[in-house]
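The primary structure of each chain is shown beneath.
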Amino acid sequence: MTEPKLPRSLAPDELRRRCNPQELGFRTTDDLEDPLHIVGQSRAVDAIRFAVGIDREGYNMFAAGPSGTGKHSTLRQFLEGRATKMETPPDVCYVHNFENPHRPNMILLPAGKGAPFRRDMAQLVELAQAAIPRAFEGEEYRTRRRELDARFHAAHDRIFADVQREATEKSIAILRTPAGLALAPIRDGEIVSPENFSKWPEDEQEKTRQIITELQEKLHAAMAELPAFERDVRTQLRELNQSITVFAVGHLIDDLHDRYGDLPDVQNYLDQVRKDLIEHADAFMRAGESASPGLEQAEGDGESIGETLPGMDASGQFFKRYAVNLLVDNGRRQGAPVVYEDLPNLQSLIGRIEHVARFGALTTDLTLIQPGALHRANGGYLILDAEKVLMAPFAWETLKRALKSHEIRIESPERIMSVATTITLEPESVPLNLKIVLLGDRMIYYLLSQHDAEFGELFKVEVDFEDTMTRSPENVKMFARFLAKVIRHQKLRPFEAGAIARVIEHASRMAEDAEKVSTHIRSLCDLLAESDYWAMTNENAHVTAEDVQLAIDAKIRRADRVRQLSYEQIARKTILIDTKGAAVGQVNGLSVMQLGKFPFGHPARITARVRLGRGQVVDIEREVELGGPLHSKGVLILSAFLGARYCQDMPLSLGASLVFEQSYGGVDGDSASSAELYALLSALADVPIKQNLAVTGSVNQHGQVQAIGGVNEKIEGFFDVCSQAGLTGDQGVMIPASNVQHLMLRHDVVEAVRAGRFHIHAVATIDEGIALLTGMAAGERGADGKFAEGTINARVEARLAGFAESARHFARSAAPDDGDHRRH
């Protein structure tokens, strides 16, 4: 009988790559210096250097990689180092637009000039509120005002004197009525009423009417002269008020002109302020002291000459027109800003205009304009979470529009949707010059690259962060220095070399590769902090390897309730898993379940049944829509393998079914395809499979066993099930040979293998695996083209040949003979 070719059993040292504390070269992390550069991210660092160094349009960054790999901290470290060497951006102010009040003007000032300018303008208004009333209360103004009053009254009297004298001579009175001036006859010193007038003789009435008509014409002619004179007086009064205002505040504005003489925009604004102060001097007068009665009320016409000031109310809202809104103050900044916006919605990015309720209506002014992250980061760098930007309505499109137009335009969501119902401001756009850094998963980067045509133009630099780094001696020492830096930064207890070695081993387990370590900074920081807690609990001055192990075990303990329940169901035979004996067409497969961040291995019974059929292998999981596409692909490969290896000169007349027993959820992935093939071969050869072994690995059409993921969890899952039933010494797991490099098993598994109570077998081909599972050689084709007798492959081929012969027999018996054809 042919001796079976068995897979290699792994030695204990192959199951876990230890980190020797003696080789780290330090006693505690206090002996280590901080690393000189970012650990394990050389590709990302080169991309960042390139992006911050090139000063061209569109070279914004997308930092791609899983959350927790240190994207934000790495980028911030580089950007802040670069930003300190850059020019500090200017202060940004909004001021009143005197020509178009609902469009405030933007003024850029050198960094640090914005706050003094705002303070100077507030002081100007305060001084003007005191100086202008004081100037108008002065003797000079009062004298000149009285002169204008006297001229106005003299002209008024002169214009009406002749008409009044003639009316008196002709016994006619000039009366003031609510409707204006009226004329009425006088007799015996009293005004004649209309009733008495009607009793006069007709000729006398007619004569009086004619006199009144003539006097009305003269009165109208006299009144026509009054508006021209009144306008002249108004002009002289305005010029007087302006000259007094200039005298009161002109020197204050001149001082500001001198102070900001090198800033043309400020100079222009101060000129507009001067003009507006002069035009609205009355706004600065105290209530009730705006003018004397002579000019406020024209004699006899009932109309006010004084000017109404729109926007002036008791609360002083009018004076906000002279306020300066310091939108961005860079006075205390050294270099360019680096800003991270954790809530990148529309208004957080581009700013907003707030409103206040006044008298039942919403109102606003330039002081209620609030900056966004683009304003604060302008001239530097803005870091955003890509997913949050994409989920916020209008934020992504607005961000792209700002980058393309190189300006920040404050708009409300209502205005963007063209449904705005509230009158608001339209501030002048702010020039935009900054670089955006988006943080996100690789999938987001790939989707945006594929589906957003503008994305590639605006984000030309991909900063791809590594998930892992090679576990070379040099990298291990650098990694230890990085951990020491984190420990000091978090103010933890010093870690002994053994503790760091245990952290490095766990980092390899996180990476699922003995030759690499994980660069998932967040998880490592959590482990360091939790280890420090156990050191405190154990009253250790330094964190030891035992403290680190306690932290790892405690974290698993907090999350493994479901795992323990599943193992309990296996122990109580609720879920059927055999760990001894043998059975035909039945094998222990291995899968990984992920609950939150806790993965664990879970054995599953896989069975196969065969019969005469049409060459189909039925995947029951797929038929009931529990199998995913990758699992279905693996099953189809099995059909291809059987058809290519056996009975190549005859049809594959097989009907087979495969199923994960007691599987009530979805199944995906091809890591069970080798186990499914072993079950099929066992069923076809009618040779039992040892149930003390579990199997994982995918298979290709050539029968080669391929690497899978979660190999450590799968091994440990079957080990735990065997342990709770009692280790017999012949139990073990078959894994792909290409997965040996990924092994970082628990200490108890390694020790069980060392003691010979458990075994790990590295399988390269299906033939090796079936030989170990059945104890029978797989067999190879000889020179005659046949498999050796007494081998698995010979029995399988014979069974399939029998199926093919039976299929031909049934086909011949079912076909009609020639006589039947002729009769029909």
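Here the residue index of a chain counts from 1 through its sequence in written order. Only residues with pLDDT of 70 or above have their local features reported here, since the model is predicted, and side-chain atom pairs are shown and tallied only from 80 upward, although totals for entire chains, interfaces and linings are computed over all residues. No hydrogens and no water enter the side-chain calculation; it runs on all heavy atoms of the structure.

(A) Layout of the packing of aromatic side chains. Any Phe, Tyr or Trp ring, taking Trp's six-membered ring, that has another such ring centre within 6.5 Å forms a pair; planes under 30 degrees apart are called stacked, those over 60 apart edge-to-face, and the others tilted. Counted according to the given criterion, the structure contains 22 aromatic pairs. The interplanar angle of 75 degrees and the centroid separation of 6.0 Å between the aromatic rings of Phe-117 and Tyr-269 together place this pair among those described as edge-to-face. Of this pair, Phe-117 sits in helix H3 (residues 114-136) while Tyr-269 sits in helix H7 (residues 264-279), and the two are 152 residues apart along the sequence. Each residue is placed in one exposure class: buried if its accessible area under a 1.4 Å probe, protein chains only, is under 20% of its type's maximum, exposed if it is over 50%, and partly exposed if it falls in between. Of the residues examined, Phe-117 reaches a relative accessible area of 1% and is grouped as buried. On the basis of an interplanar angle of 75 degrees and a centroid distance of 5.7 Å, the ring pair of Phe-318 and Phe-319 is categorised as edge-to-face. Site record: aromatic cluster; members linked through ring pairs are Phe-98, Phe-117, Tyr-260, Tyr-269, Phe-284, Phe-318, Phe-319 and Tyr-322. For the purposes of this entry, the term helix denotes a DSSP run of H or I that reaches at least four residues, the term strand denotes a run of E that reaches at least two, and both are numbered from the N terminus.

(B) Quick peek at helix H16 (residues 473-489). End to end, H16 covers 25 Å across 17 residues, agreeing with the expected 24 Å (1.5 Å per residue, within 8%). Looking at H16, one finds that the buried residues are Val-476, Met-478, Phe-479, Ala-480, Phe-482, Leu-483, Ala-484, Val-486 and Ile-487. On its buried face, H16 is in contact with strand S19 (468-470), helix H17 (497-511), strand S20 (516-518) and helix H18 (521-537). Positive backbone phi, approximately 55 degrees, marks Lys-491, located one or two places after H16. Each helix should span, by expectation, one fewer than its residue count multiplied by 1.5 Å. Contacts are assigned to residue pairs with any non-hydrogen atoms lying within 4.5 Å of each other.

(C) The arrangement of the environment of Gln-370 in detail. Inspection of the secondary structure puts Gln-370 in strand S13 (residues 369-370). According to the relative accessible area criterion, Gln-370 is partly exposed, its value standing at 23%. Remark: the alpha-carbon pair of Gln-370 and Glu-354, spanning 16 residues in sequence, is separated by 7.4 Å. Not counting residues within four places of it along the chain, the set of residues in contact with Gln-370 comprises Leu-327, Gly-351, Arg-352, Glu-354 and Ile-410.

(D) Representation of the packing of H3 against H7 within the structure. All axes are obtained by fitting lines to C-alpha atoms, using only the stretch in contact for helices, and the reported angles, taken between N-to-C directions, cover 0 to 180 degrees. Axis separation between H3 and H7 bottoms out at 13 Å; the angle between their running directions is 15 degrees. As the angle between them shows, H3 and H7 are arranged roughly parallel. Here H3 and H7 pass one another in a crossing that is right-handed. For the pair H3 and H7, the contacting residues are Phe-117, Met-121 and Leu-124 in the first and Val-266, Tyr-269, Leu-270 and Val-273 in the second. Just so you know how the angles are binned, under 35 degrees is roughly parallel, over 145 roughly antiparallel, 65 to 115 roughly perpendicular, and the rest oblique. Crossing handedness: left-handed means the near helix sits turned counterclockwise from the far one by under a right angle, and right-handed means the same turn made clockwise.

(E) Summary view of the sheet that holds strand S14 (residues 381-385). Between any two strands, at least two bridges found by DSSP are needed for them to pair. Here we have five strands laid out as an open sheet, ordered S9-S14-S17-S2-S18, and parallel in their pairing. At either margin of the open sheet sits one strand with a lone partner, and together these are strand S9 (338-341) and strand S18 (461-464). Averaged over all pairs of adjacent strands, the angle between their axes in this sheet comes to 20 degrees, without regard to strand direction. The strands touched by helix H1 (residues 42-53) within the sheet are strand S2 (61-64), S14, strand S17 (435-440) and S18, with S18 carrying the most contacts at an inclination of about 150 degrees. Docked against the sheet, helix H2 (residues 71-83) engages S2, S9, S14 and S17, running at close to 150 degrees with respect to S9.

(F) Quick peek at the pattern of salt bridges. Any carboxyl oxygen of Asp or Glu within 4 Å of a side-chain nitrogen of Lys or Arg constitutes a salt bridge here. Scanning the entire structure with this criterion turns up 38 salt bridges. Here Arg-76 ties to Glu-80 by a salt bridge, and the two come within 2.9 Å at their closest N and O atoms. Here the residue Arg-76 and the residue Glu-80 both occupy positions in helix H2, the gap between them amounting to four residues, near one helical turn. Residue Glu-80 is classed as partly exposed on the basis of its relative accessible area, which comes to 35%.

(G) Expanded view of the environment of Met-61. Summarising the element assignment, Met-61 is placed in strand S2. Measuring from C-alpha to C-alpha, the distance between Met-61 and Val-437 comes to 4.7 Å, with 376 residues separating the pair along the chain. With residues near it in sequence (within four places) discarded, Met-61 still touches Ile-48, Ala-51, Val-52, Leu-75, Leu-79, Ile-436, Val-437, Leu-438, Phe-459, Val-461 and Val-463.

(H) Seen up close, the packing of H17 against H18. Relative orientation of the contacting elements H17 and H18 amounts to 145 degrees, with a least axis distance of 11 Å. Seen from above, H17 lies across H18 with right-handed handedness. Seen from H17, the contacting residues are Val-503, His-506, Ala-507 and Met-510; seen from H18, they are Ser-523, Leu-524, Leu-527 and Leu-528. Under the convention adopted here, Pro, Cys and the residues Ala, Val, Leu, Ile, Met, Phe, Trp and Tyr are nonpolar, Asp, Glu, Lys and Arg are charged, and Gly plus all remaining residues are polar. Considered class by class, the residues forming the contact of H17 with H18 number six nonpolar, two polar and no charged.

(I) Structural context of the nonpolar core. As used here, the term nonpolar core means buried Ala, Val, Leu, Ile, Met, Phe, Trp, Tyr and Cys residues forming a set that is joined through side-chain atoms within 4.5 Å. Residues Leu-642, Tyr-646 and Tyr-678 are the most contacted members of the largest nonpolar core, which totals 44 residues. Elements with a contribution of two residues or more to this core: strand S23 (598-612), helix H22 (629-645), strand S25 (654-660), helix H23 (673-685), strand S27 (693-695), helix H26 (766-774) and helix H27 (792-814). For this core, the leading source of residues is H23, giving nine residues. With sequence-adjacent residues up to four places away left out, Tyr-678 is seen in contact with Ile-689, Val-695, Val-705, Met-734, Val-763, Thr-765, Ile-766, Gly-769, Ile-770 and Leu-773.

(J) Summary view of helix H25 (residues 747-754). For H25, the set of buried residues is Val-749, Val-750, Ala-752 and Val-753. An end-on view of H25 places all buried positions within 160 degrees of arc, on one side of the element. Downstream of H25 by a residue or two, Gly-756 has a phi angle that is positive, lying close to 80 degrees. Our arc is simply the arc of the directions from the helix axis toward the C-beta atoms.

(K) Structural view of the sheet that holds strand S3 (residues 91-95). With antiparallel pairing, the three strands of this open sheet are ordered in space as S4-S3-S8. Two strands close off the open sheet at either side, each with one partner strand: strand S4 (105-109) and strand S8 (325-328). Strand-to-strand twist of the sheet, defined as the mean angle between neighbouring strand axes without regard to direction, takes the value 30 degrees. Note: S3 against S8, three bridges, orientation antiparallel. Bridging from a neighbouring strand, Tyr-94 pairs with Asn-325 of S8.

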